[in-house]
Structure formats: C-alpha cells, structure tokens
Number of protein chains: 2
Amino acid sequence: MESIKVFAPATVANVACGFDIFGFAVDNPGDEIILRKKVTPGLEIVKIEGDQGRLSLDPEKNTACISMLAYLKHLNANQGISIELRKKMPLGSGLGSSAASSVAGVFALNELMGRPMDQIDLLPFAMEGERFASGTPHADNVAPSLLGGFIAIRSYEPKLDVVKIDTPAELFATIVHPQIEVNTRDARNILRKETSLKNTITQMGNVAGLVAGLMKGDYGLISRSLVDVIIEPVRSILIPGFDEVKHAAIEAGALGCSISGAGPSMFALSKDRDTAKKVGEAMQRAFASVQIESEIYVSSINQNGPVVIG
Amino acid sequence: MESIKVFAPATVANVACGFDIFGFAVDNPGDEIILRKKVTPGLEIVKIEGDQGRLSLDPEKNTACISMLAYLKHLNANQGISIELRKKMPLGSGLGSSAASSVAGVFALNELMGRPMDQIDLLPFAMEGERFASGTPHADNVAPSLLGGFIAIRSYEPKLDVVKIDTPAELFATIVHPQIEVNTRDARNILRKETSLKNTITQMGNVAGLVAGLMKGDYGLISRSLVDVIIEPVRSILIPGFDEVKHAAIEAGALGCSISGAGPSMFALSKDRDTAKKVGEAMQRAFASVQIESEIYVSSINQNGPVVIG
C-alpha cells in the first residue's frame, strides 16, 4: 500500500457528569487524512484544508503529526510520509477536533505500515497529540474516536484503563456548534482545583446512574443521570445563551443536554432520530435568540471509530 | 395475621469507591424482629437480645421503632405493636446494624398490616432510623437491606433514586469484623469537606468501572475498580492493622478489599466461595497479628432483602 485515506470521528467528551472520564463518538462531523509514502524520511504536511489557515504546516506543531511521530519513534521506523489533512469539523469547538486528527493520523499510518500494532495500542500515541493541544494527555476524546462507542476512562495511572459501555441502538446525539470559540486551556483554567465532598457524591451517583442506564437501556435513568454539578455550572458562563439552549433541548424532548467537551458546542441525547432532529432545531433557535449562528449535527453513537475511505 | 417474625440482612456500604452511593446485602449476619399486635395503641419494646444491654427500650430512641413510627404516622394508623428485637450482628461494626433493624421493623410491620405499601416505598421510613442513628438519613445501608442485591443511590434530592446493579452469580463477599469499635459519627467527622478535583475524577472512573464490571461480569474490571482514593486513606487510620489485613486479602486472591461502611469491619469481594473463605481466614490472621480478634462472614450477594421467617 502506497497511500491511504482515513476518516476519524468527532467526539463528545465529559457527557455531563463524567468530566475527563466519559466520551462518545458520532458519525459526523470528523476529519479526513490522506497519507502517502515518500522516499525521503520524515513527515511533510503538503496541505491542510478547512482550517482557515490556522493550523501550522510544521509537523512538530501539528497534533496529527505529533501522534504519528510518537508512533514511528516507538516502532523505531523512519518511513517518510506526506500528509494531507482535511478538517471537516470546526476547530476549538469542543468536539475533539485535535483528537480526530491525531486518531486519523496514527490509525492511517498503522494501516499504511501493514498494521504492526493493534488498534487499542495506538491510544498512547494519539494521546500525545492531546498533550500538545491542551497541555495534558487526555483520553476522553481520543479513546472514543479511536475505538468508537461510548467510553469510560477508568484510570490513567499507573496504566490507562479504557472501558466500552454498551448503549441502546436508538440513542441519538445532537450537537449544536455555535459560532463562538472557547480555548480548551482557558476552559480548564477556570475550574476550581477542589470540589465539595457533597458535590463529589452527587456526581458519583450520576456517573453510576449513567453507566447503568446506558447498559440497561433505561432512558429514564439516563435522563436523570445527565446532570453535572461540578463543571457545567462554571463552564456554562463561557457560553452565551447556555441556559436557554439547554432549556430548549429539554422542552423539545431531549433526555439531557450539557456542554460538549470544553465547549462551546452543546450536545443533547435523545431516544430516537426524529426527537434528536427536533432538539437540534430548538437548540439552534435558542442560540439564534441571543444572536449566535450555529450548526447542527445529528447522529447515532458511532460504533466504528476511524475507517479507511480510500 | 397477629404476629410476624422477619429477618433483615446486614449490608456493606460504600464498597470502596462508592462513598454514600453503593451498598450490597449479604446472607448473614442480620437482625430478627418479632412483632405482635396488641390492643392498646403505641409501640412497646418487650425484649432486645444480642445487644449486651446497649440499646434503649424506649421506642423513641430505637432505630427500628423510629422507622415504624414514621410508617404508622404516614398511614395515619395507631395499631399497637409489641416488639422483640434479636440483634444477630455486632453494633457499631460498619455492617449496617441500625439499618437492618429499621428494615426488619418497617418490613415486618407492612406485612402485619396487610401490605398496604410496596416494598420500595418503605425506604423513606427505614431511612428515618438512619437519621436517628448517624445524624443523616443515608440510604446506602437501608436500600440494599430492604431491596437486596447491589444498589447504587443515584440521588437523594429532590427525589430518592435507587438503582439495582446486577452482579455475577459467583461473586462472593467476605466480611471480617474485628473486636474494636468505631463510632459512625466520628468516622464521618474526620472526613474532609472538600476533595481535589483530581481525586474526584479518579473516584468517578472507579465508580464507572465498578458498575460496568459488575454488569458485564468482568472480574478484572471489578478488581481494578475497587479503589478508594478519598475515604479509605482517612478512615483506615481508625482500624489497627488495616494495611496488613488488606494486603492479606489481596494475597489470598480477593478482587479487592476495603472498609465496610464506616468500619471497623472490612470486606473483600472474590470470584468464588472457596476463595472468599480463604480470604476471610487470611484477613483474620492479619488482624490476629496485631492482637485483634475477629469474626468472619462469607456470603454471596443477597438478592432477597428481608424475609418472613415465622
């Protein structure tokens, strides 16, 4: 194989109660990457589309390349690769844009190299891109983007422990991306370093409820568990119209609604596609009422992760 | 029906990572209560066995009676009842002694009255006994004692939300009760009111992992999730030999080991009865090495809750 084209999905991290531990993949949006073997060693970015010129062509400043370099170093390989990246999702949107690029890159490279490593073992390399993007190597976007489905990160230390949580087939996600931007580092820096034991207990109860609700297919329990008393109250102040949008989602029939990742995108979960669509329209109208334009994405929970598309 | 005899099981609350939200019932020990209708209104405790004379015969100072009084008040009933309580488990042991009495009392009374209420609706009355015993109306002992099985308390406010978590049939609990006493209020008062966001995330990951592990029957995941970074490090200092006992349990093959409720009893989970027995003996020897006598209880996860035995 001399070249490959891969799609990797966007992801919703945190999922209300599960700050840094929950994330799920969606069918769209996502990123595409094209890798071509070249004779001279090293990585070369030949083109980036869809980033409005904001991403660097320097491989050492690009999340996908940083992940691919970590992978090549691990294999002690010096295959030369030319890279074309098609950002088909907004940057700084809270949809795991950097994670999708990293996953696309490292997954495509592993395929191109003849698949020397198992898919799950690519995770640490994809996380290196996250370290560059946000300062810490989080897995709550890269793990669902790489593995598909709804993922719980049980632990990071001493060993990364990733658990796939079954979800009901009729569960649909709505994502609404408002045309504003929140910097991931800022969104992290406004969080308090301590939380009350009371809120910790409340949050743990919802984490337990959400896992049980998803695995049982109990929509009532899923709905009651989509509550975040620690992060959302702080981060929501960065999103104009947050309360109105959330209220609109619930009124339209969503099981719950919260911030996607560090924001500003907001997500909702619904128990069928029609409801998910109506929820998206209601959320978009609510953003419009505070003069913010937005895009809607509706999708089932993506169970595949990255796929070869050419 | 003029009289009834009921057994209600002891419970292990917290279960390592799930402070205030997790609890499970065991087959033994537990409490027995005998209720007899009497002509004159009011509750009368005629006998308490097994408490070494430590429990009051005053109905307003007895957890079982407080729960029964709350139940009668709710029904606006003034049935006279004479009560015989047989404590078949140690007091102040961290095994939900007060909860077992409350559950036995309110369950027996509901049966005696012709079952006017569903079993799950008895929970708030049983919790009133806990309010008296520990200052707050916790449900992590009363809910599993009343409903059986492994229980997650998703929330207390605005509405109590109790979720039953399926457990693998071959999961066995070992409880070792050392002959020392820890006061529940003290064990609560030494806890910090705040915790780091980092520890909260770690704990949430383990809560998610334990629920998923139990529901999937994934013993490795159960084992890795039986970790408590918030409560155990503080409360374990109240239990002489804690580290040795925990180490002994793990060495003997336990999936995990931590404090039962507020202590001083310690519990372990194992993947079969033989291992659970060996684990108990190893834990007992470890307590003996610090000159503490102890009792061992080995049991599957009790799926029944309270039962009529006469």
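Residues numbered from 1 in each chain as written. Chains lettered and ligands numbered in written order. Predicted model: local features only at pLDDT ≥ 70, side-chain atom pairs only at ≥ 80, totals over all residues. Heavy atoms only, no water.

Per an unreviewed UniProt entry, chain A goes by Homoserine kinase and derives from Siphonobacter curvatus. On record in UniProt, under Pathway (unreviewed entry), the comment for chain A is "Amino-acid biosynthesis; L-threonine biosynthesis; L-threonine from L-aspartate: step 4/5." Its UniProt record gives chain A the following Sequence similarities (unreviewed entry) comment, quoted word for word: "Belongs to the GHMP kinase family. Homoserine kinase subfamily." (UniProt positions renumbered as here; feature names shortened; annotations may be inferred.)

### Let's talk about the sheet that holds strand S9 (residues 256–259) of chain A
Residue and element names in this part refer to chain A. Pairing is antiparallel in the open sheet, where four strands are placed in the order S9-S10-S7-S11. Of all the strands in the sheet, the pair left with one neighbour each is S9 and strand S11 (294–300). Mean inter-strand twist for the sheet, computed between neighbouring axes without regard to direction, equals 20°. With five bridges connecting them, strand S7 (residues 172–178) and strand S10 (residues 266–270) associate as antiparallel partners. (Pairing = 2+ DSSP bridges. Helix = DSSP H or I, 4+ residues; strand = E, 2+ residues; numbered from the N terminus. Axes fitted to C-alpha atoms, helices over the stretch in contact; angles between N-to-C directions.)

### As for the relation of the copies chain A and chain B
For these two chains of identical sequence, chain A goes onto chain B by a turn of 180° and a shift of 0.0 Å along the axis, with RMSD 0.0 Å. The two molecules are tied by a two-fold rotation axis, judged by turn and shift. Both copies share a contact surface, since 100% of the interface residues of chain A are interface residues in chain B too. (Least-squares fit on C-alpha atoms with pLDDT ≥ 70 in both. Contact = heavy atoms within 4.5 Å.)

### Section: the sheet that holds strand S11 (residues 294–300) of chain B
Pairing between the strands of a sheet is mediated by backbone hydrogen bonds and can be parallel or antiparallel. Residues and elements named next belong to chain B. Strand order across the open sheet formed by four strands is S9-S10-S7-S11, with antiparallel pairing between neighbours. The open sheet has two edge strands, strand S9 (256–259) and S11, and neither has a second partner. Direction aside, neighbouring strands of the sheet carry axes that sit 20° apart on average. Relative to S9, helix H9 (residues 242–251) is tilted by about 155°, and along the sheet it contacts S9 and strand S10 (266–270).

### Side note on the nonpolar core
A:Phe22, A:Phe24, B:Phe22 and B:Phe24 are the most contacted members of the largest nonpolar core, which totals 82 residues. Not counting chain neighbours up to four residues away, the residues in contact with A:Phe24 comprise A:Ala10, A:Thr11, A:Val12, A:Val15, A:Pro144, A:Gly149, A:Phe150, A:Ala173, A:Phe267, A:Leu269 and A:Ile301. By size, the runner-up hydrophobic cluster in this structure holds 38 residues, among which are A:Val6, A:Leu35, A:Leu72 and A:Ile153. (Core = buried A, V, L, I, M, F, W, Y, C linked by side-chain atoms within 4.5 Å. Buried < 20%, exposed > 50% of the residue type's maximum accessible area, 1.4 Å probe, protein only.)

### Structural notes on the side chain of B:Glu111
All names here are of chain B. Positionally, Glu111 belongs in helix H2 (residues 97–112). Residue classification places Glu111 among the buried residues on the basis of a relative accessible area of 12%. Not counting the four nearest positions on each side in its chain, Glu111 is found in contact with Met1, Ile4 and Val308.

### Description of the pattern of salt bridges
Under the definition given, this model contains 30 salt bridges over all chains. Across the pair A:Arg115 and A:Glu111 runs a salt bridge whose closest N-O atoms are separated by 3.0 Å. Classification of A:Arg115 by relative accessible area gives exposed; the value is 55%. Put simply, A:Glu194 and B:Arg192 hold a salt bridge, and the shortest N to O gap is 3.1 Å. With A:Glu194 in strand S8 (residues 194–196) and B:Arg192 in the loop between helix H5 (184–189) and strand S8 (194–196), this pair bridges two chains. Look at A:Glu194 and you get partly exposed, because its relative accessible area is 28%. One salt-bridge network, in which partners are shared between bridges, spans A:Lys5, A:Glu32, A:Arg36, A:Lys47, A:Glu49, A:Glu84, A:Arg86 and A:Lys88. (Salt bridge = Lys/Arg side-chain N within 4 Å of Asp/Glu carboxyl O.)

### Thoughts on the interface of chain A and chain B
Counting residues at the interface gives 39 residues for chain A and 39 residues for chain B. Together chain A and chain B conceal approximately 2,900 Å² of surface at their shared face, both sides included; 69% is due to carbon and sulfur atoms. Together, A:Arg154, A:Leu197 and A:Met204 form the three largest contributors to the area buried by chain A at its contact with chain B, with a combined 24%. Summed over the shared surface of chain A and chain B, the result is four salt bridges. One salt bridge in this structure joins B:Asp161 and A:Arg224, with 2.6 Å as the shortest N-O distance. Across the chain A-chain B interface, the total number found is 14 residue pairs in polar contact (both at pLDDT 80 or more). (Buried area = accessible area lost by both parts, 1.4 Å probe. Polar contact = N/O pair within 3.5 Å; in protein donor to acceptor, adjacent residues only side chain to side chain.)

### Regarding the domain arrangement of chain A
Residue and element names in this part refer to chain A. Once the domains are mapped, chain A shows domain 1 (3–166) and domain 2 (172–300). Once you take the C-alpha centre of each, domain 1 and domain 2 turn out to be 24 Å apart. Across the contact, 34 residues belong to domain 1 and 37 residues belong to domain 2. Ionic pairing is found between Arg54 and Glu181, a salt bridge with its closest N-O pair at 2.8 Å. In this structure, the connection of domain 1 to domain 2 is made through nine residue pairs in polar contact (both at pLDDT 80 or more). Elements represented by at least two residues in the side of domain 1 that touches domain 2 include exactly strand S1 (3–13), strand S2 (22–38) and helix H3 (123–134). (Domains from an automatic or database assignment.)

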